[in-house]
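The chain contents come next:
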Amino acid sequence: MRPLTYKLLPCLLLFYLAFSVKGQSEIDNTLDKLELNQALYPPEDILSTKSIVLLSVPEVSKRSEWMILVDELQQFLAEQGIDAVAYIENESLFSIPNKQLEIPEVLKKREIKNLILFTVKDKESSVFLAIGPYNGQASFFDKGASFWARQSSTLSPVTSELDTYFKTGALYRDNLLVNESAEFFLPEVNLGIVSKSIPPKLADFKVAIQAIDPSLFQQRGPAVLRYDNFYDQNSFQMTNTERNYQIEALAVDSTNNIFSREKKSTNQDLRKNGFQYELMYVSGPETKVYDWIAFPDRQPALDRVVHKFYLSDLRNNNIYVGKKWDASTDWSLALEHFLEQMNEVIRKNSN
């Protein structure tokens, strides 16, 4: 340890004492949710290797509110020499129901060694920051891995503590040129060939719909770290339960041709049983949903997450999104509006 370390030991001790028993208990509970252990210090190679930031924000949130703190964090990381080469919005990994999407292939070639977990809502809400080893897999971190972690009402005390530690010179510093702006990467989504219509003979075929799988949100990694699941699991589960009630109501309604899809059934299985379409949806930042679904003459994308329902053709790569752009920030309204488009086509073609 370098001599400067000893000069700063009193400061480090003060930070340690400030990290009260109550605070330690809160961190322990938080890390228990993630199945992680507490580390005394950040990884030894954090200033000489590349890192990835897994950013967790609420589903219903404005980018302008949390981006201020993301910029503050990235500026601090750059000043210290922590090379955060990519930010991944955790919520975007769940844009397709019942799946966790992969990070872009380009990132897998960047030799990323460490992972930074960051949960944030706005300047009035507490933050959680953790730093540890990145496993390069879909789970992002291994069970029982050791992460340095802190929770605070603001970001400043956390960055101040890290700043004091890094000034000790205890870590080898090799990252000299670091990007001061956060660079975001989103998973790759290919929904298929977009058709701005509803199949005219929709009433002649069965439509499948799949319930939301609650087990997905109990898996270690990004699923647990989803902001709403992480901070209020009961409310998050309630939201999914309510959505499933609406899905079940469609499947048992004898006045339509929508039926539940078995979890393990393949598209071929469905087609053998008279199904031709599946009612699905995509969720994501409105700008990205616009990219994923080609549709002319829409209003400018806003700073929000939206849900868009569509019909997926089980025979090919076509999706039917309707003649009206009806995406909504409200999942239930998005479903209701698309069902109206489906029913309008059925009524028109039954006359």
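Above: the structure in question.
What counts and how
Residues numbered from 1 in each chain as written. Predicted model: local features only at pLDDT ≥ 70, side-chain atom pairs only at ≥ 80, totals over all residues. Heavy atoms only, no water. Pairing = 2+ DSSP bridges. Helix = DSSP H or I, 4+ residues; strand = E, 2+ residues; numbered from the N terminus. Contact = heavy atoms within 4.5 Å. Axes fitted to C-alpha atoms, helices over the stretch in contact; angles between N-to-C directions. 1 Å grid on protein atoms, 1.4 Å probe; cavity = no way out; pocket = protein on both sides within 12 Å on 5 of 7 lines; lining within 4 Å. Points joined across faces, edges and corners; volume = space filled by probe spheres on them. Nonpolar A, V, L, I, M, F, W, Y, C, P; charged D, E, K, R; others polar. Expected span 1.5 Å × (residues − 1). Buried < 20%, exposed > 50% of the residue type's maximum accessible area, 1.4 Å probe, protein only. Arc of directions from axis to C-beta. Polar contact = N/O pair within 3.5 Å; in protein donor to acceptor, adjacent residues only side chain to side chain. Core = buried A, V, L, I, M, F, W, Y, C linked by side-chain atoms within 4.5 Å. Phe/Tyr/Trp six-rings, centres within 6.5 Å; stacked < 30°, edge-to-face > 60°.

**Looking at the sheet that holds strand β1 (residues 37-38)**
Ordered in space as β1-β6-β5-β4-β2-β3-β7, the seven strands form an open sheet in which the pairing is mixed. Since the sheet does not close on itself, it has two edges, and those belong to β1 and β7 (184-185), each with one partner. In the sheet, β1 pairs with strand β6 (residues 146-152) via two bridges, with the strands oriented parallel. The residue bridging N37 from the neighbouring strand is S146, located in β6. Across the sheet, helix α3 (residues 63-80) is in contact with β2 (50-56), β3 (83-89), β4 (112-119), β5 (127-133) and β7; its angle to β3 comes to roughly 160°. Strands in contact with helix α5 (residues 156-166) are β5 and β6; relative to β6, the strand with the most contacts, it is inclined by about 135°.

**Quick look at empty space enclosed by the protein**
Counting across every chain of the model gives one cavity of 30 Å³ or more. Counted as a void, the largest cavity has a volume near 50 Å³. Residues of the lining of the largest cavity, tallied by class, amount to six nonpolar, three polar and two charged.

**Points about helix α11 (residues 331-350)**
The end-to-end C-alpha distance of α11 is 29 Å, a good match for the 28 Å that 20 residues give at a rise of 1.5 Å each. Listed as buried for α11 are W331, A334, L335, F338, L339, Q341, M342 and V345. End-on view of α11: buried residues confined to an arc of 150°, all on one side of the axis. Of the residues in α11, the exposed ones pointing more than 90 degrees away from the buried face are R347, K348 and S350. Looking at the packing, one finds that the buried side of α11 touches α8 (233-252), β10 (258-260), β11 (275-285), β12 (305-313) and β13 (318-320). A side-chain oxygen of the first residue of α11 lies 2.9 Å from the backbone nitrogen of S332; this N-cap is D330.

**Digging into the nonpolar core**
In summary, soluble globular proteins display a tendency toward joint burial of nonpolar side chains. Core analysis: the biggest nonpolar cluster contains 53 residues, and L117, L279 and L311 have the highest contact counts within it. No other element matches α11, which puts seven residues into this core. Discounting residues that sit within four places of it in the chain, L117 has contacts with L34, L36, L54, F128, L129, A130, F141, F147 and L225. By size, the runner-up hydrophobic cluster in this structure holds 29 residues, among which are L55, Y87, V127 and Y165.

**As for the packing of aromatic side chains**
The tally for this structure, following the rule as stated, stands at 19 aromatic pairs. Consider the rings of F217 and F236, whose centres lie 5.1 Å apart with planes at 85°: the pair is edge-to-face. Here the residue F217 occupies a position in the loop between β9 (206-209) and α6 (222-225), and F236 occupies one in helix α8, the gap between them amounting to 19 residues. For the pair F217 and F236, a shared accessibility class is recorded, and that class is buried.

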